[in-house]
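Spelled out from the first residue to the last, the chains are:
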Amino acid sequence: MDFITIAKTRCSIRSYTDKKVERSKLEKILEAAHVASTAANLQPVHLIAVQSGDGLAKIGKAADIYGAPLAIIVCADRNKAWVRPFDQKQTGDIDASVLTDHMMLQATELGLGSVWVCCFKPDVLCREFDLPASLEPVNILVIGYAGGKIFVLWYNSSCFEVRFIVYSTK
C-alpha cells in the first residue's frame, strides 16, 4: 500500500481476535517507532511492549485495551526531552505522539488493527510497571488482529478546508 492508502485505511479497532501478533510484525512496528523523528533527535521516548497475560492484566487495571494481544505503553522521559527556550515547553508528549502515529500506520500496513488509548490512569501504569518518576505514560497503543466487522471511514475532503499560503518577499 502507498502512504495515502494506509492513512485512509487505518481506523480505530476496539475488538480483537485471540491471535498473537507475530514477533516479526512487532519488530517492524518497533522499527517504525525507532525511525520517527524527535525534537533535536534526543529520542526521549520509552516503549514498553506487553504481550504476556500478566502484563496485559496490569494494563487492564489502568485502561480498557479491548482484549488485544499486544499493548505498547508509550512514555516520555522528562529528563531527556528537548525544551523550547522561549516558554519552557517540553516536547516529550509531541515526540511520543509522532512515534505512536508511525507505529499505528506500520501496523495497518501489516494487516493489524490498532487503537490509540489516551483514557487511562497513569498512576496505575506507573505503579504496576514500577516506572521511574522521570517517565510519563503518554498513551497506550493497542494492536492486534481485528475481530468482527471493520468500518473504515474514508477521508472526506469536505471535513475541513486546506489552504495553501505562499509568502513572497517581493
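See the structure shown above.
Residues numbered from 1 in each chain as written. Predicted model: local features only at pLDDT ≥ 70, side-chain atom pairs only at ≥ 80, totals over all residues. Heavy atoms only, no water.

**Focus on the side chain of T108**
Thought 1: Along the chain, T108 falls in helix α4 (residues 92-109).
Thought 2: On the basis of relative accessibility, which here comes to 9%, the residue T108 falls in the buried class.
Thought 3: T108 has contacts with M1, I6, T9 and R10, leaving out every residue within four places of it along the chain. (Helix = DSSP H or I, 4+ residues; strand = E, 2+ residues; numbered from the N terminus. Buried < 20%, exposed > 50% of the residue type's maximum accessible area, 1.4 Å probe, protein only. Contact = heavy atoms within 4.5 Å.)

**Quick look at helix α2 (residues 23-34)**
Thought 1: The first and last C-alpha atoms of α2 sit 16 Å apart over twelve residues, in line with the 16 Å expected at 1.5 Å per residue.
Thought 2: Among the residues making up α2, those that are buried are K25, L26, I29, A32 and A33. Down the axis of α2, the buried set is contained in an arc of 115 degrees. They therefore lie on one face. Relative to its buried face, α2 has exposed residues pointing more than 90 degrees away, namely R23 and H34.
Thought 3: Turning to α2, the residues buried within the fold contact β1 (45-50), β2 (70-77), α4 and β4 (135-144). (Expected span 1.5 Å × (residues − 1). Arc of directions from axis to C-beta.)

**With respect to the nonpolar core**
Thought 1: Core analysis: the largest hydrophobic core is formed by 23 residues, its most contacted members being I59, L125, F129, I140 and V142.
Thought 2: Among the elements of the structure, α3 (53-60), β2, β3 (113-117), α5 (122-128) and β4 are those that each provide at least two residues to this core.
Thought 3: Not counting chain neighbours up to four residues away, the residues in contact with V142 comprise Y16, I65, A68, L70, A71, G113, S114, V115 and V117. (Core = buried A, V, L, I, M, F, W, Y, C linked by side-chain atoms within 4.5 Å.)

**Re the pairing of β2**
Thought 1: Within β2, eight of the eight residues are buried, which leaves it mostly tucked inside the rest of the structure.
Thought 2: Direction of pairing for β1 relative to β2: antiparallel, over a ladder of six bridges. Paired with V45 across the strands is A76, a residue of β2.
Thought 3: The pairing of β2 with β4 spans eight bridges and is classified as antiparallel. What sits directly across from L70, in β4, is I143. (Pairing = 2+ DSSP bridges.)

**What to know about the environment of D64**
Thought 1: Among the secondary structure elements, D64 is positioned in the loop between α3 and β2.
Thought 2: For the pair formed by D64 and V117, sequence separation is 53 residues and the distance between their alpha carbons is 8.1 Å.
Thought 3: A polar contact is formed between the side chain of D64 and the backbone nitrogen of Y66, at a distance of 2.8 Å. (Polar contact = N/O pair within 3.5 Å; in protein donor to acceptor, adjacent residues only side chain to side chain.)

Such coordinate-based values are descriptive only and should not be taken to indicate function.
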